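Report on the structure
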Amino acid sequence: MTNVAEATPRTRGSDRTREVIAETALRLFRERGYEATTMRAIAAEAGVSVGNAYYYFASKEVLVQAYYDRAQSEHEAACERLLATEHRFAARLGGVLREWVRVSEPYHGFAVKFFKHAAEPSNPLNPFSAESSSARDASIDLYRRVVEGSADRIDAELKAELPELLWLMSMGVVLFWVHDTSEGCRRTYRLIELTVPLVDRLVGLSHLPGLRGVARDFIAGIHELRE
């Protein structure tokens, strides 16, 4: 019991230090750019030693991965009420995409400057990389909730593949958002408004006999490309 009581303040202090370093890094990334921001500068601004900064985050890449994880957690929290009360597929999908744009708004400037790094196929910060698997898997799980909580009829085989397909769709929205210079990312919201009904229509038709074969061929193609 004594050990637990003694560990709690240290744990809280450790968590706070980690949070301060992460917040400082994101601010400097936005202000100075990713390349120009060094771990030494992050440590100095955060009020910790360089060694302490490296203790919590082994590199700038790890700091960005922490941003990915935090942004995903914020997105999930923002979607909770929607997913608990709305059961139409289109409303669930559209709501989740719009919430992503809303919670990501503070990071738009950072994303614009950072995109060229995340877009490199070999970069560990690429959303398709092994290093990004934690945030990616959590995001796919969120879209799995969109699908599984829907009252709409969906072809069973397509339903199993749909969470990852919706995540891929969301990556297209992210790419559009990064380049969106409209006020309040108005054009990105409009993109969601235009595309979600189309996806909803295709998903809704997938169980019909005339289109079931097309859905099967599409799924077979996905499986082949994964190999």
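Predicted model only: the values in this text are computed from it and were never measured.

What follows concerns the packing of aromatic side chains. Under the counting rule described, the total for this entry stands at 8 aromatic pairs. Here the aromatic rings of tyrosine 55 and tyrosine 56 are separated by 5.1 Å at their centres, their planes lie at 90 degrees, and the arrangement is edge-to-face. With a relative accessible area of 16%, tyrosine 56 lands in the buried category. Taken together, the ring pairs connect Phe29, Tyr34, Tyr67, Tyr68, Tyr107 and Phe110 into an aromatic cluster. The residue whose ring lies beneath lysine 60 is tyrosine 34, and the NZ or CZ to ring-centre distance is 4.4 Å.

To continue, consider unusual backbone geometry. Of note, the phi angle at cysteine 185 is positive, near 55 degrees, even though the residue is not glycine. The topology assignment puts cysteine 185 in the loop between helix H8 (156-178) and helix H9 (186-205). Since its relative accessible area comes to 8%, cysteine 185 is described here as buried.

Let us now look at H8. Compared with the 33 Å implied by 1.5 Å per residue over 23 residues, the 34 Å span of H8 between its first and last C-alpha is a close match. Leucine 162 marks the point of greatest bend in H8, at about 50 degrees, and the proline proline 163 comes within the next four residues. With a side-chain oxygen positioned 3.2 Å from the backbone nitrogen of glutamate 157, the residue opening H8 is aspartate 155.

Now for helix H2 (residues 39-46). What H2 keeps buried is the set Met39, Ala41, Ile42, Ala43 and Ala46. A positive phi of about 75 degrees marks glycine 47, the residue just after H2.

Before going further, it helps to spend a moment on the UniProt feature "DNA-binding region" (unreviewed entry) in the protein. Mapped onto this numbering, the UniProt entry gives "DNA-binding region" (unreviewed entry) at residues 38-57. Structurally, residues 38-57 is divided into 75% helix and 0% strand, and its ends, taken at the C-alpha atoms, are 12 Å apart.

Of the volumes computed, that of the largest pocket is approximately 690 Å³. Lining the largest pocket we find 30 residues, and of these Tyr68, Trp100, Pro127, Met171 and Val174 sit closest to its centre. Of all the secondary-structure elements, those providing two or more residues to the lining of the largest pocket are helix H4 (60-85), helix H5 (89-104), helix H6 (108-118), helix H7 (133-148) and H8. A per-class count over the lining of the largest pocket returns 22 nonpolar, 7 polar and 1 charged. Of the volumes computed, that of the second largest pocket is approximately 370 Å³. Forming the walls of the second largest pocket are 14 residues, and the residues nearest its centre are Leu158, Leu202, Val203, Ser206 and Phe218. Secondary structure elements with two or more residues in the lining of the second largest pocket: H8, H9 and helix H10 (209-226).

The rules behind the values
- Residues numbered from 1 in each chain as written.
- Predicted model: local features only at pLDDT ≥ 70, side-chain atom pairs only at ≥ 80, totals over all residues.
- Heavy atoms only, no water.
- Phe/Tyr/Trp six-rings, centres within 6.5 Å; stacked < 30°, edge-to-face > 60°.
- Buried < 20%, exposed > 50% of the residue type's maximum accessible area, 1.4 Å probe, protein only.
- Lys NZ or Arg CZ within 6 Å of the ring centre and 35° of its normal.
- Helix = DSSP H or I, 4+ residues; strand = E, 2+ residues; numbered from the N terminus.
- Expected span 1.5 Å × (residues − 1).
- Bend = angle between axes of the 7 residues up to and from the residue.
- Polar contact = N/O pair within 3.5 Å; in protein donor to acceptor, adjacent residues only side chain to side chain.
- UniProt positions renumbered as here; feature names shortened; annotations may be inferred.
- 1 Å grid on protein atoms, 1.4 Å probe; cavity = no way out; pocket = protein on both sides within 12 Å on 5 of 7 lines; lining within 4 Å.
- Points joined across faces, edges and corners; volume = space filled by probe spheres on them.
- Nonpolar A, V, L, I, M, F, W, Y, C, P; charged D, E, K, R; others polar.

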